[in-house]
Amino acid sequence: MESIDLASAILRATLGIVLIAHGWNHAFGGGKLPGTAGWFASIGLRPGMLHALAATGTELGAGVLLLLGLLTPLAAAGAVGTMAVALVTAHLRNGFFIFRPGQGYEYVLVLILTACALGVLGGGAYSLDAVIGIEDGLSGLTGLAVTAGAGVLGAAALLAVFWRPNRPADTPAE
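The notes below deal with the structure included here.

For the coordinates displayed, the defined rule picks out five aromatic pairs. Each ring, one from Trp39 and one from Phe40, has its centre 5.4 Å from the other, and the planes form 50°; the classification is tilted. For Trp39, a relative accessible area of 40% corresponds to the partly exposed category. Residues Phe96 and Phe97 carry aromatic rings whose centres are separated by 5.1 Å and whose planes lie at 80° to one another, so their mutual orientation is edge-to-face. Ring-pair connections join several aromatic residues into one group, and the members of that group are Phe96, Phe97, Phe99 and Tyr105.

Turning to the environment of Ser3, a few remarks are in order. Its place among the elements puts Ser3 in helix α1 (residues 3-28). In this structure, the C-alpha to C-alpha distance between Ser3 and Arg164, residues 161 residues apart in sequence, is 45 Å.

Relative to the helices and strands, Ile17 is located in helix α1. Separated by 68 residues in the primary sequence, Ile17 and Val85 place their C-alpha atoms 20 Å from one another.

Omega for the peptide link from Arg46 to Pro47 comes to 0°, which places this bond in the cis form. Of note, Pro47 is situated in the loop between α2 (32-42) and α3 (48-68). A positive phi angle, near 55°, is found at Lys32, a position not held by glycine. The residue Lys32 is located in helix α2 in this model.

Formed by 27 residues in total, the largest nonpolar core has its most connected members in Leu15, Leu19, Phe40, Leu45, Leu66, Met83 and Ala115. Of all the elements, helix α4 (residues 72-91) adds the most residues to this core, at nine residues. Beyond its immediate stretch of four places on either side in the chain, Met83 contacts Leu19, His22, Glu59, Val108, Leu111 and Ile112.

One way to put it is that α2 packs onto α3 with a least axis distance of 7 Å and a crossing angle of 115°. On the basis of their axis angle, the class for α2 and α3 is roughly perpendicular. Where α2 crosses over α3, the two elements pack in a sense that is right-handed. In this structure, α2 uses Leu33, Pro34, Thr36, Ala37, Phe40 and Ala41 to contact α3, whose residues at the interface are Gly48, Met49, His51, Ala52, Leu53, Ala55 and Thr56. For the contact of α2 with α3, a count of residues per class yields nine nonpolar, four polar and no charged.

What follows deals with α3. Here α3 contains 21 residues, and its C-alpha end-to-end distance of 30 Å stays within 8% of the 30 Å for a straight helix at 1.5 Å per residue. For α3, the set of buried residues is Gly48, His51, Ala52, Ala55, Thr56, Glu59, Ala62, Gly63 and Leu66. One side of α3 holds all its buried residues, which, seen down the axis, span an arc of 145°. Tucked into the core, α3 has its buried residues touching α1, α2, α4, α5 (106-121) and α7 (140-162).

Rules behind the numbers
- Residues numbered from 1 in each chain as written.
- Predicted model: local features only at pLDDT ≥ 70, side-chain atom pairs only at ≥ 80, totals over all residues.
- Heavy atoms only, no water.
- Phe/Tyr/Trp six-rings, centres within 6.5 Å; stacked < 30°, edge-to-face > 60°.
- Buried < 20%, exposed > 50% of the residue type's maximum accessible area, 1.4 Å probe, protein only.
- Helix = DSSP H or I, 4+ residues; strand = E, 2+ residues; numbered from the N terminus.
- Core = buried A, V, L, I, M, F, W, Y, C linked by side-chain atoms within 4.5 Å.
- Contact = heavy atoms within 4.5 Å.
- Axes fitted to C-alpha atoms, helices over the stretch in contact; angles between N-to-C directions.
- Parallel < 35°, antiparallel > 145°, perpendicular 65-115°, else oblique.
- Left-handed = near helix turned anticlockwise from the far one by under 90°.
- Nonpolar A, V, L, I, M, F, W, Y, C, P; charged D, E, K, R; others polar.
- Expected span 1.5 Å × (residues − 1).
- Arc of directions from axis to C-beta.

The following block contains the structure:
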């Protein structure tokens, strides 16, 4: 058992479970999808239901792929993308610490960087990537480039097209 393979498996399981729990909560917790859609719309991601479905599907799908170790850098890119959108739209303005009012960005930053580390490590020996023989081509700098690049570009595109933050009441519309 190689240390890097074990580390990759632990990180994949941890991030995969966190993403599945997060996506599951979007769909079935509290206000369910309609509540999630309303919250997304309230922070300027419109249409809210589209973003609720996209975030939920990405988190659930990426979480399952990470648990399986299948297409690990692409799955990790899903985590980077969803958490980068959360960072910009909901957490960055609140400072670093999560216990601050409105919740700071420390949590989403740790998830983003964990996903990037998984891009570098790849799925490891205990993954479907290894079983089907694509592990070697999807790790190292290539894996990081896929994870960070696809995640950040996806988040940037989504924000550019769909994010229209609400203006304060005293700011005139242009």
